[in-house]
Amino acid sequence: MKTIENKTFDELSIGDTATMTRALTRDDAEMFAVLSSDYNPTHLDDEWASRLLKSQKISGHGMWGGSLFSALLGNELPGPGSVYKKQDLVFHRAVELGDTLTLTLTLKEKDAATQHLVFTCEALNQKGELVIEGTAEVLAPTEKVTFDASALPEVHLRHRHHVFENLIAKVKETPSVKVAVCHPCDEVSLGGAVEAARLGMIEPVLVGPSDKIKATAEQYGYDISGYEIVDVEHSHGAAETSVALCRSGVCEALMKGSLHTDELMHEVARRDTGLRTGRRISHIFVMDVPTYPKPLYITDAAINIYPTLEDKVDIAQNCIDLVQVMGVEKPLVAILSAVETVYPKIQSTLDAAALCKMADRGQITGAILDGPLAFDNAISAEAARIKKISSPVAGQADILLVPDLEAGNMLAKQLSYLAEADAAGIVLGARVPIILTSRADSAKARLASCAVAALYAQARRTGQKKLMTGKGA
């Protein structure tokens, strides 16, 4: 471990020097932007640097270089216990991405009466050109110390892709979708519908006991005066009426309120009056994972507990249809298992092999499927390379088709709570998209779920894409 030792006033002599060398990396520039709140695009984006500075590379913040003098003063000369009093700097040229600075401090003046020290500061780049010069004034340490420097914490930049923000912005530019909001009798469910309506994404039809809906709105300050309310006494009746509104074509989507999911889905799945089609109904998580370069779709993690091979065909096709509506022309589908080889004792590997062959024969369309794939080589190109897996899907999957509900639910929640992912959810395979929100969902996730359903409903309405609702359609 590195030892740091300071120098008190009496130990210092005119002409003492300290030097450090540091190269500017993209992470340095981005981290400094975050810490300083200086988001000047010339420090972060090559295109803007070229446009505004006529430079082929981003330039570092001027004070990134200046801060390195602070590091030298605090760590080396005089070291711990120094008190920064004044700094004058002149910046002669920019520090571009990849440049290496050599910084030197030289003690110029000592004032015995005040214990003040004045240092000259100089920074040269790898070409020997003067980049920064100036002076620094510090108060010398009063106590001699030597200690082992604690290791700094490891810092990783997390780049959010603004998937949900972009979705919400996109939907706001399109005609709203009429949505049956079933039993919105608590703050979360009513508030989500009202906010989505305020942003122009949906036109809500509030279905449930009108007195409870109005009381909830009054309690939490929601203005629902402009929305239609269909008065139904109980949650079961609200589910039945909401489904009927969607079945008749009055509403183009269904949104779960404060009733239990099973109660709503029971009405959706009824053969005579529900919203069933020739497809198996399935749930899809749309996830914005900070450590993954694109949206990740996980299915099915909420409806089908132990899906059969036949069920998985529909589960896959539902998700493929959605991802195409979201703008991915040929989604990459990774069929997950514990291993990446077919193993007769693990049913999910057999299902994966069969699904891939079914896709080859045109029984699943619109995507490239591969499996079985373990989670690591489905999302990590490096893991796939190490295991010598040659696949157009490995390392860059759009869709993760999980073996069963337990695996999918745990995977989605691990990403949410350990990788800080945002998750929106939608149910497909019915006559209309169904928005299943949770009380634990963030406001942004609830809005994103509305946005996904609205985009899907709009695609059906405009004929943007032929969305199949039956076998062989």
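Here, every reference points to the structure presented above.
Asker: What should I look at first to understand the packing of aromatic side chains in this one?
Answerer: In this description, an aromatic ring pair is defined by two values, namely the gap between the centres and the angle between the planes. Following the criterion strictly, the structure yields 1 aromatic pair and no others. If you follow Lys110 out to its NZ or CZ, it ends over the ring of Phe9, 4.4 Å from the centre.

Asker: When you look at the nonpolar core in this model, what are you seeing that I'm missing?
Answerer: Inside soluble globular proteins, nonpolar side chains tend to come together where they are buried. Grouped together as the largest cluster of nonpolar side chains are 62 residues, with contacts concentrated most on Met201, Tyr297, Leu322 and Leu369. If one sorts the elements of this core by residue count, helix α14 (residues 443-462) sits on top with 11 residues. Aside from chain neighbours lying at most four places away, what touches Leu369 is Ile320, Val333, Ile335, Leu355, Cys356, Ala359, Ile364 and Val393. In terms of nonpolar packing, the next biggest core, distinct from the first, is built from 25 residues, Leu68, Leu72, Leu105 and Val138 among them.

Asker: Before we go on, may I ask you to explain helix α5 (residues 187-198) in this structure?
Answerer: Since the α-helix advances by 3.6 residues per turn, residues separated by three or four positions end up pointing in the same direction. Between its first and last C-alpha atoms α5 spans 16 Å; for 12 residues at 1.5 Å apiece the expected length is 16 Å, and the two agree. Within α5, the full set of buried residues consists of Ser189, Leu190, Gly191, Gly192, Ala193, Val194, Ala196 and Ala197. Among the structural elements, β8 (177-182), β9 (202-208), α6 (210-220), β11 (253-256) and α14 are those in contact with the buried residues of α5. Remark: Gly200 follows α5 within two positions and exhibits a positive phi of approximately 80°.

Asker: How should unusual backbone geometry be read in this particular structure?
Answerer: Where the residue is not glycine, phi is negative for most of them; where a peptide bond is considered, it is trans in most cases. Backbone torsion omega between Leu77 and Pro78 reads 0°, so that peptide bond is classified as cis. Residue Asp300 is reached from Thr299 by a cis peptide bond, and omega for that bond is -5°. Inspection of the secondary structure puts Asp300 in the loop between β13 (296-299) and α9 (309-325). Unusually for a residue other than glycine, Gln115 sits at a positive phi of about 65°. Its place among the elements puts Gln115 in the loop between β4 (100-111) and β5 (116-124). For Gln115, a relative accessible area of 29% corresponds to the partly exposed category. The phi dihedral of His183 falls on the positive side, at around 55°, and the residue is not glycine.

Asker: Would you explain the packing of α5 against α14 in this entry?
Answerer: Helix-helix packing: each pair is described by the crossing angle between the helix axes and the interaxial distance. Axis separation between α5 and α14 bottoms out at 10 Å; the angle between their running directions is 55°. Considered as vectors, α5 and α14 are oriented oblique to each other. The way α5 lies across α14 gives a crossing that is right-handed. Between α5 and α14, the contacting residues are Val188, Gly192, Glu195 and Ala196 on the first element and Arg446, Leu447 and Cys450 on the second. Split by residue class, the contact of α5 with α14 holds 4 nonpolar, 1 polar and 2 charged.

Asker: Is there a simple way to explain the pairing of β4 in this structure?
Answerer: On any regular strand, side chains alternate: one points to one face of the sheet, the next to the other face. With 7 bridges joining them, strand β2 (residues 17-23) and β4 adopt antiparallel strand pairing. Across the sheet, residue Thr17 finds its bridge partner in β4, namely Thr106. With 9 bridges connecting them, β4 and β5 associate as antiparallel partners. Residue pairing for β5: Glu109 is matched across the bridge by Val118. Between β4 and β5, which follow one another and run antiparallel, lie 4 residues, and Gln115 among them has a positive phi close to 65°.

Criteria and thresholds
Residues numbered from 1 in each chain as written. Predicted model: local features only at pLDDT ≥ 70, side-chain atom pairs only at ≥ 80, totals over all residues. Heavy atoms only, no water. Phe/Tyr/Trp six-rings, centres within 6.5 Å; stacked < 30°, edge-to-face > 60°. Lys NZ or Arg CZ within 6 Å of the ring centre and 35° of its normal. Core = buried A, V, L, I, M, F, W, Y, C linked by side-chain atoms within 4.5 Å. Buried < 20%, exposed > 50% of the residue type's maximum accessible area, 1.4 Å probe, protein only. Helix = DSSP H or I, 4+ residues; strand = E, 2+ residues; numbered from the N terminus. Contact = heavy atoms within 4.5 Å. Expected span 1.5 Å × (residues − 1). Axes fitted to C-alpha atoms, helices over the stretch in contact; angles between N-to-C directions. Parallel < 35°, antiparallel > 145°, perpendicular 65-115°, else oblique. Left-handed = near helix turned anticlockwise from the far one by under 90°. Nonpolar A, V, L, I, M, F, W, Y, C, P; charged D, E, K, R; others polar. Pairing = 2+ DSSP bridges.

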